[in-house]
Amino acid sequence: MKAVVRIRSLSGLLLALLLAALTMASPAAADTGVSTIAQALRKSPVYVDPSASGLLSTAEADALAKRIKDADKPVFVVVLPADFPKTSFTALRTATGITGLYAVRVGNQFAARADSSVLSNTAVQNLVSSVQGEDAKTQLTDFTDRALASMGGSAPASWGGSSDGGGESPLRR
């Protein structure tokens, strides 16, 4: 029982760290803010900051985006470097303007939030707990697969269906 409490407390602490809003951006991430990420998510379900390409390659991000688009569900995945300024899910969701499930990996930390119309808070927390400690690719793939199997809602029309298969990837700035 104490281990469960500690795990939940640690998860809560990590989530609080991810959700803490900072007003000052580091120079490395100054040009990549919530509005940039939100704009990218309106075009594709996966955003990988260029500084975080070591966590999830372009090919892996493309495969994850295709999986989400093919399922026609509003799952948004964001991968950011460990030194990225923290922001709130509320700010990201507001800037995106789309009801859905938002999963964010910042360095080695991972958390997610969802609008209650697509997935309950308890379900989100269970999904997050089920993938803690995995490497980025495995974690994001497992989380996405499990979420797609249990959530409601539809993908935004702005994604244009499954992957377009050509041109520059919309997953990177």
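For the structure, see preceding data.
Residues numbered from 1 in each chain as written. Predicted model: local features only at pLDDT ≥ 70, side-chain atom pairs only at ≥ 80, totals over all residues. Heavy atoms only, no water.

Caption draft 1: Looking closely at the overall build of the protein chain. Counting secondary structure elements, the protein chain contains six helices and four strands. For the protein chain, the sequential pattern of α-helices and β-strands runs α-α-β-α-β-α-β-β-α-α. In the protein chain, the proportion of contacts linking residues at least 24 apart, taken out of those at least 6 apart, comes to 70%. Total accessible area computed for the protein chain in this model is approximately 8,500 Å², and 55% of it derives from carbon and sulfur atoms. (Helix = DSSP H or I, 4+ residues; strand = E, 2+ residues; numbered from the N terminus. Contact = heavy atoms within 4.5 Å. Areas by Shrake-Rupley, 256 points an atom, 1.4 Å probe, with all protein chains shown as cover.)

Caption draft 2: Seen up close, the nonpolar core. With 44 residues, the main nonpolar core has Val46, Leu101 and Phe143 as its most contacted residues. In contact with Leu101, not counting residues within four places along its chain, are Pro74, Val75, Phe76, Ala112, Arg113, Ala114, Val118, Leu119, Val124, Phe143, Ala147 and Met151. (Core = buried A, V, L, I, M, F, W, Y, C linked by side-chain atoms within 4.5 Å. Buried < 20%, exposed > 50% of the residue type's maximum accessible area, 1.4 Å probe, protein only.)

Caption draft 3: Layout of the packing of helix α5 (residues 121-131) against helix α6 (residues 136-150). Here α5 crosses α6 at 145 degrees, and the two axes come no closer than 9 Å. Relative to α6, the crossing made by α5 is right-handed. Side by side, α5 and α6 meet where Leu127, Val128, Ser130 and Val131 of the first sit next to Gln139, Asp142, Phe143, Arg146 and Ala147 of the second. (Axes fitted to C-alpha atoms, helices over the stretch in contact; angles between N-to-C directions. Left-handed = near helix turned anticlockwise from the far one by under 90°.)

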